[in-house]
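Structure assessment
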Amino acid sequence: PKTIRHYVEVFLPLLNQSTKTIDDITHLQTNVAKIEYEQSLAAYASMRNFSISAMIFSVVMAAIMGFLLIRRIIQPLNIAVETADRIAHGDLSSRIEVTSKDEFGELLTNLKAMNAKLHEVVGEVSSATSQVNAAAGEIAQGSADLSQRTEEQASALQETASSMEQLTSTVKQSADNAGQANQLASAARTQAEQGGQIVEQAIAAMTAINPVSYTHL
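Here the residue index of a chain counts from 1 through its sequence in written order. Side-chain atom pairs in this predicted model are given and counted only at pLDDT of 80 or more, local residue features only at pLDDT of at least 70, and totals for whole chains, interfaces and linings cover all residues. To obtain the side-chain values, all non-hydrogen atoms of the structure were included, while hydrogens and water were left out.

1. Things to note about the overall build of the protein chain
Per the secondary structure count, the protein chain includes 3 helices and 0 strands. When its helices and strands are written in sequence order, the protein chain yields α-α-α. Of the accessible surface of the protein chain, which amounts to about 18,100 Å², a share of 62% is contributed by carbon and sulfur atoms. Strands here are runs of E lasting at least two residues and helices are runs of H or I lasting at least four, both read from the DSSP assignment and numbered beginning at the N terminus. Only the protein chains shown count as covering a residue, and every accessible area follows the Shrake-Rupley method with a 1.4 Å probe.

Below, the structure is given as structure tokens:
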């Protein structure tokens with residue numbers, strides 16, 4: 001009993017000390033686990049907040065990049081559509097500025113070349129139209145002059161026809177007068193012949209009467 005009591009008196013404090021140490025270790029481990037748990041929760045919250053922030057930042061950047069990309073796509077398309085609409089309505093004074101070398105820049109370059117070519121073609125057509133109008137004016141003036149000369153020639157022909165009618169009438173009248181003169185000349189010739197015969201008869205009679213007188217002479 002003494003030995004047991006001795007062991008109890010010796011080992012009981014050690015047991016109590018060990019129990020206390022174990023309790024302290026357990027409490028310490030619990031505190032460490034609690035601290036590690038809280039640190040894990042903080043790290044998780046930090047990581048979660050960082051992930052959320054990164055996601056929000058990524059979404060915002062994606063939205064900004066998408067907006068810029070859409071704007072970069074829409075702006076040249078709007079310029080191309082506006083230019084094509086102006087060209088369709090006959091406005092060739094648009095100045096197209098090409099600021100990129102991508103597909104949209106190539107599209108604007110082609111529109112610019114087409115606009116310049118159409119402007120050149122319209123200028124040539126306008127010049128040709130002016131020349132045609134000038135030629136048409138000259139033709140109209142020539143037609144007017146020709147019409148005036150035709151009217152003058154028609155008037156001259158009418159005057160000539162009138163003069164020819166007067167000349168025909170004069171010639172006819174002259175022919176009538178010539179016929180009358182011929183008749184008068186025939187009558188005068190007949191009378192002259194008759195007068196000559198009378199004179200010859202008179203001379204013959206005088207010749208027959210005067211021989212005696214000539215003899216006495």
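2. Describing the confidence of the model for the protein chain
The pLDDT value expresses, per residue, how confident the predictor is, ranging between 0 and 100. When the pLDDT values of the protein chain are averaged, the result is 77; 88% of them are 70 or greater. Across the protein chain, element-level confidence peaks in helix α1 (residues 2-88) with a mean pLDDT of 80 and bottoms out in helix α3 (residues 211-216) with 48. Two residues qualify as a contact provided that any one of their heavy atoms is within 4.5 Å of a heavy atom in the partner residue. Note on residues 212-217: pLDDT under 50 across the span, and 0 contacts to partners over four residues away in sequence or across chains.

3. Focus: a nonpolar patch on the surface
Patch membership requires more than 30% relative accessible area and the absence of a salt bridge. Residues of like charge join within 9 Å; the nonpolar side chains Val, Leu, Ile, Met, Phe, Trp and Tyr join within 5 Å. Whenever a carboxyl oxygen of Asp or Glu lies within 4 Å of a side-chain nitrogen of Lys or Arg, that contact is scored as a salt bridge. On the surface, Ile52, Ile56, Phe57, Val60, Met61, Ile64, Met65, Phe67 and Leu68 cluster together into a nonpolar patch covering about 850 Å² of accessible area. Residue placement: Ile64 occurs in helix α1.

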